[in-house]
Amino acid sequence: MSLPQSQSQPELTSLRSPRVNAARRLSRRAQRGKERRFIAEGPQAVREAVAFGTLADGSHSVVEIYTTFEAAERHAELIAQARAERVPVLTATDEVIAAVSETVTPQGIVAVCRFVDQSFESVLAAKPQLVALLANVRDPGNAGTVLRTADAAGADAVVLTDASVDLYNPKAVRASVGSLYHLPVAVGVPVEQAVAGLKAAGIRVLAADGAGERDLDAELDEGTLGAPTAWLFGNEAWGLPETTRVLADEVVRVPIHGHAESLNLATAAAVCLYASARAQRAPGGCRS
């Protein structure tokens, strides 16, 4: 239950308070990595974080929530759920919420959350059928969008290599729109180790590249996409270097039937992942 503003004063009012300063420091990647904590902004992200529940060590995925009175009233059900799970909820001024947030127009509620990534070994142990592997993806918005797309396509996991952007970058968290909590994610895996591990698990690794010799339409026509598959996506600007492409079983291009020069990373990932999702669910596919 939220507290009407007329009956109480915010608990967090000073931008210099130790609690607020600690949350603000999570804007830095090094600090996030040191504490294994990050900030989730907005009701959707906070709701998904609360719903995720406890981690393997028994701690809750949410450390604490900061909310204005107005946001607490608008999202009373979310606040009630958090309190029912014994997640501390602290009321705060608009200024405090703005100081902790990265967005221009904060939505009045943020959460300090614990990291939820898993080990690469645990991802493989779950026998995934469809995986998105991000190599040297540097844009946090793209990383979050691919994660959201993989979730929507029914992928079983997302793996970010050690040369990719921080999964817990605020822009990546926002772009994932809660999908960060919906499927296993492994981070910091060397691309050679990731590809070797996926192949050893019986997963075909396809590198998505505009210069690929294989065509996505041919893959669909020949029925090869119905097998367990990992799609390897490269950097937004220069794609996949030759040293990475040669690690894959095949290098596949998305056909350009019109006059566009290329597809951006997020769009190409959506096309490839949904093509696999459909093939795997068709008769004879690994999910049929």
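Before reading further, recall that the structure is shown in the block above.
My aim in this report is to walk through the structure given alongside it, one point at a time. (Residues numbered from 1 in each chain as written. Predicted model: local features only at pLDDT ≥ 70, side-chain atom pairs only at ≥ 80, totals over all residues. Heavy atoms only, no water.)

### Quick word on the overall build of the protein chain
In terms of regular secondary structure, the protein chain is built from 13 helices and eleven strands. On C-alpha atoms alone, the protein chain measures out to a radius of gyration of 21 Å, which is about the 19 Å that the 2.2 N^0.38 rule sets for 288 residues. Based on the C-alpha atoms only, the size of the protein chain along its principal axes is roughly 65 × 35 × 35 Å. Expressed as a percentage of the 288 residues in the protein chain, the buried residues total 51%. Intrachain contacts of the protein chain at a sequence separation of at least 6 include 82% that bridge at least 24 residues. Surface exposure of the protein chain reaches about 13400 Å², of which carbon and sulfur atoms provide 50%. Placing the 28 positive and 33 negative side-chain charges of the protein chain at their respective mean positions leaves the two points 6 Å apart. (Helix = DSSP H or I, 4+ residues; strand = E, 2+ residues; numbered from the N terminus. Rg over C-alpha atoms; globule rule 2.2 N^0.38 Å. Buried < 20%, exposed > 50% of the residue type's maximum accessible area, 1.4 Å probe, protein only. Contact = heavy atoms within 4.5 Å. Areas by Shrake-Rupley, 256 points an atom, 1.4 Å probe, with all protein chains shown as cover. Lys, Arg positive; Asp, Glu negative; His and termini not counted. Charge placed at Lys NZ, Arg CZ, Asp CG, Glu CD.)

### With respect to the side chain of Thr161
Within the fold, Thr161 resides in strand β6 (residues 157-161). Taking relative accessible area as the criterion, Thr161 reaches 3% and is therefore assigned buried. A distance of 3.4 Å separates the side chain of Thr161 from the backbone nitrogen of Asn136, its partner in a polar contact. Dropping the residues within four chain positions of it, Thr161 is found in contact with Leu133, Leu134, Ala135, Asn136, Gly188, Val189 and Val191. (Polar contact = N/O pair within 3.5 Å; in protein donor to acceptor, adjacent residues only side chain to side chain.)

### Topic: the sheet that holds strand β1 (residues 37-41)
Strand order in the open sheet made by the four strands is β1-β4-β2-β3, with mixed pairing throughout. At either end of the open sheet lies a strand with only one pairing partner, and these are β1 and β3 (89-91). Here the average twist between neighbouring strands, direction ignored, is 20 degrees. Pairing of β1 with strand β4 (residues 109-114) involves five bridges; the strand directions are antiparallel. Its bridge partner lying in β4, Ile39 is registered against Val112. Its contacts with the sheet put helix α3 (residues 42-52) on β1, β2 (62-67) and β4, and the angle it makes with β4 is roughly 35 degrees. Across the sheet, helix α5 (residues 76-84) touches β2, β3 and β4, and the angle it forms with β3 is around 130 degrees. (Pairing = 2+ DSSP bridges. Axes fitted to C-alpha atoms, helices over the stretch in contact; angles between N-to-C directions.)

### Topic: the packing of aromatic side chains
Inspection of every chain in the model, using the stated rule, returns five aromatic pairs. Ring geometry for Phe38 against Tyr168: centres 4.7 Å apart, planes inclined by 40 degrees, an arrangement best described as tilted. One end of the pair, Phe38, is in strand β1; the other, Tyr168, is in the loop between β6 and α9 (170-176), with 130 residues separating them in the sequence. Both rings, one in Phe52 and one in Tyr181, keep their centres 5.5 Å apart while their planes meet at 55 degrees; by these two values the pair is tilted. (Phe/Tyr/Trp six-rings, centres within 6.5 Å; stacked < 30°, edge-to-face > 60°.)

### Things to note about the pairing of β2
Most of β2 sits out of view: six of its six residues are buried. Here five bridges tie β2 to β4, and the two strands are oriented antiparallel to one another. Residue pairing for β4: Glu64 is matched across the bridge by Val112. Taken together, the three bridges between β2 and β3 define a ladder with parallel strand orientation. By the bridge assignment, Thr67 is partnered in β3 with Thr91.

### Side note on the packing of α3 against α5
Packing of α3 against α5 brings their axes to within 10 Å, and their N-to-C directions diverge by 30 degrees. When the axes of α3 and α5 are compared, the pair comes out roughly parallel. Crossing hand, α3 versus α5: left-handed. Of α5, the residues touching α3 (which contributes Pro43, Val46, Arg47, Val50 and Ala51) are Leu78, Gln81 and Ala82. Within the contact of α3 with α5, the residues separate by chemical class into six nonpolar, one polar and one charged. (Parallel < 35°, antiparallel > 145°, perpendicular 65-115°, else oblique. Left-handed = near helix turned anticlockwise from the far one by under 90°. Nonpolar A, V, L, I, M, F, W, Y, C, P; charged D, E, K, R; others polar.)

### Concerning the pattern of salt bridges
All chains considered together, the criterion is met by twelve salt bridges. In this structure, the salt-bridge partner of Glu64 is Arg19, at a minimum N-O distance of 3.1 Å. With Glu64 in strand β2 and Arg19 in helix α1 (residues 18-24), this pair connects stretches of sequence that are 45 residues apart. Using a relative accessible area of 39% as the deciding quantity, one classes Arg19 as partly exposed. Of the charged contacts in the structure, one is a salt bridge between Arg214 and Glu222, with a shortest N-O distance of 2.8 Å. (Salt bridge = Lys/Arg side-chain N within 4 Å of Asp/Glu carboxyl O.)

Just distances and angles here, no functional claims.
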